[in-house]
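# Survey of secondary and tertiary structure
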Amino acid sequence: MNSLRESLGVAPDPDFEMTLPPGWSRSEVDEQTFEAMVSGLKRRLMQEHKPELYAELRRLLKKSFDEMRQNGAFAFFVATEQQRTTLWLPASMVASIRRPDPGSSLDELARGLIVGRGAKPLMGDVRTLRYEQEKTIQVGGESVVSRTATYLIPIPGTKRRRALQIVGGFATPLEMAPDDPYVLGAKFLFDSCVSSLRWRTSTVTS
C-alpha cells in the first residue's frame, strides 16, 4: 500500500540500515510479521508441551505489536536467527518517526530533551541526540525495571522537520544496579548499532 506522501507525489523519506549484532535482523511492524512470529512461537512451545505458556506469550506479543503501532513504529530489530553465533539478548530496538509539536521545530524539541531529559550527542556526534529513561513496570505479576536509550537523527531532505527515532529497550530485575556490566553492555550494544547508521539514499541533503 502506498503511503500518503507517495500518493501526493512527494518523495518518500530515505531508508536506513545499521550494523546489527550477530543473528539480529530487521522486521516490519505489520500483521504478516506478527503472524509469522506467532506461528514460530506456537511450533516451538507445542513441541515442548507448553500450551499454557504459548497462550501467555502470544498475549504479550500482541500487546507489544499493538503498542508499537500506537507509537507509530514501522520497524524493529531483535535476535531471530537460530544459529550458534546469534547474540541472544532479551532486548530490542524499535524505529519510528518523531515530529515536533505543531508550531514548534525539531531544534526546539532537541533543546527540550537536552534540558528535560539530559540528552547528549551520541559518542560526541552532534547529528544524533541520545537520552535514557527507566521506570518500574509489571511483567507477569513481577516488578522489573524497564530501561531505554532513545536516539534522534534528523532525516535528510526534511529540512529538520522530522527525525528518525530509535528506542533500544530491555528489562532488568529491581535489584540490578545501573552500573551492572549487563546494563552497561546492553546500552553499549545499542550505542554501537545506532552509531553505525547509514542512509540508503545519499543524494539528498538535510
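Residues numbered from 1 in each chain as written. Predicted model: local features only at pLDDT ≥ 70, side-chain atom pairs only at ≥ 80, totals over all residues. Heavy atoms only, no water.

### Comments concerning the packing of aromatic side chains
Evaluated as defined, the whole model comprises seven aromatic pairs. Here F16 and F74 contribute two aromatic rings whose centre-to-centre distance is 6.4 Å and whose plane-to-plane angle is 80°, an arrangement assigned as edge-to-face. Note that F16 is positioned in strand β1 (residues 16-17) and F74 in strand β3 (residues 73-79), a separation of 58 residues in sequence. An angle of 70° between the planes, with centres 6.4 Å apart, marks the rings of F16 and W199 as edge-to-face. In this pair, F16 is assigned in strand β1 and W199 in strand β9 (residues 198-199), connecting sequence segments 183 residues apart. Its relative accessible area of 23% is what places W199 among the partly exposed residues. Through pairs of rings, three or more aromatic residues link up here, namely F16, F74, F77 and W199. (Phe/Tyr/Trp six-rings, centres within 6.5 Å; stacked < 30°, edge-to-face > 60°. Helix = DSSP H or I, 4+ residues; strand = E, 2+ residues; numbered from the N terminus. Buried < 20%, exposed > 50% of the residue type's maximum accessible area, 1.4 Å probe, protein only.)

### Brief notes about the sheet that holds strand β6 (residues 125-139)
Spatially, β2-β3-β4-β8-β7-β6-β5 is the arrangement adopted by the seven strands of the open sheet, whose pairing is antiparallel. Every other strand in the sheet has two partners, leaving β2 (24-28) and β5 (120-122) as the edge strands with one partner each. Strand-to-strand, the axes of this sheet are offset by a mean angle of 30°, without reference to chain direction. Bridge analysis of β2 against β3 gives five bridges, and the strand direction is antiparallel. Looking at β3, one finds that R26 is bridged to F77. Here helix α4 (residues 106-117) sits on the sheet and contacts β4 (91-98), β6, β7 (142-154) and β8 (163-173); the angle it forms with β6, its principal contact strand, is near 55°. (Pairing = 2+ DSSP bridges. Axes fitted to C-alpha atoms, helices over the stretch in contact; angles between N-to-C directions. Contact = heavy atoms within 4.5 Å.)

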